[in-house]
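Remarks on the overall topology
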Amino acid sequence: MNSRKTTIDECNVIDLRKIHDPRGNLTPIEGGQDLPFDIKRIYYLYDVPSGESRGAHAHKALQQLVIAANGSFTITLDDGLNKKAFTLNRPYQGLYVVPGIWRDLDDFSSGAVLLCLASEHYDAADYIRDYDEFLKYKGCKE
Ligand code: TYD
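Residues numbered from 1 in each chain as written. Predicted model: local features only at pLDDT ≥ 70, side-chain atom pairs only at ≥ 80, totals over all residues. Heavy atoms only, no water.

Overview of the sheet that holds strand E9 (residues 113-118)
Taken in spatial order, the five strands make up an open sheet running E1-E7-E4-E9-E2, and their pairing is antiparallel. Every interior strand has two partners, whereas the edge strands, strand E1 (12-15) and strand E2 (41-45), have only one. Strand-to-strand twist in this sheet, taken as the mean axis angle between neighbours without regard to direction, amounts to 25 degrees. As judged from the four bridges shared by E1 and strand E7 (residues 93-97), these two strands associate in the antiparallel manner. The partner of Ile14 across the bridge, within E7, is Gly94. (Pairing = 2+ DSSP bridges. Helix = DSSP H or I, 4+ residues; strand = E, 2+ residues; numbered from the N terminus. Axes fitted to C-alpha atoms, helices over the stretch in contact; angles between N-to-C directions.)

The structure is reproduced here in structure tokens:
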């Protein structure tokens, strides 16, 4: 996947399996089967103060599945040409994000937990944190 060429149209909400049970529901996720990559890392974001924003970066290689394990938040994807906002609020849905996409995270509800399944280990060099640099990377700016 050439992350300089990816678009937001390649990102989509994946409906995960939901195993209904009167004792409580369960959603399993198998790397490479329920999502298009093998999982090397998970992290979760929680205790986000009201009004705070996270994200504001892109990745060169990382693929992610972003899940609202609890509560809700908005994730806005941007490929340099187009933007699309997704509100995630169901623990059995995940937003698949291809590499080369800028993301902004905001509107976290009280108690929101963002669970991220990632295709690679943490690598600071994989981040693009400057929006102008991102636009140049995508060929949208000289
Ligand atoms: P960052 O990805 O910038 O968070 P966000 O985009 O949600 O605002 O990460 C914040 C800090 O946490 C940064 O110093 C790097 C560190 N970090 C790790 O050490 N390992 C990880 O897997 C992640 C996602 C972040």
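The discussion continues.
Examining a nonpolar patch on the surface
A contiguous nonpolar patch, built from Ile39, Ile42, Tyr44 and Tyr46 and spanning about 420 Å² of accessible area, is present on the exposed surface. Mapping Ile42 onto the fold places it in strand E2. Owing to a relative accessible area of 52%, Ile42 belongs among the exposed residues under this scheme. (Patch = residues over 30% accessible without salt bridge, like charges linked within 9 Å, V, L, I, M, F, W, Y side chains within 5 Å. Areas by Shrake-Rupley, 256 points an atom, 1.4 Å probe, with all protein chains shown as cover. Salt bridge = Lys/Arg side-chain N within 4 Å of Asp/Glu carboxyl O. Buried < 20%, exposed > 50% of the residue type's maximum accessible area, 1.4 Å probe, protein only.)

Concerning the environment of Thr6
Among the structural elements, Thr6 can be located in the segment before E1. Accessibility expressed as a relative area gives 4% for Thr6, which makes it buried. Residues Thr6 and Ala124, spaced 118 residues apart in sequence, show a C-alpha to C-alpha distance of 21 Å. Once residues lying within four places of it in the same chain are set aside, the contact partners of Thr6 are Met1, Asp79, Val98, Pro99, Gly100, Ile101 and Lys138. (Contact = heavy atoms within 4.5 Å.)

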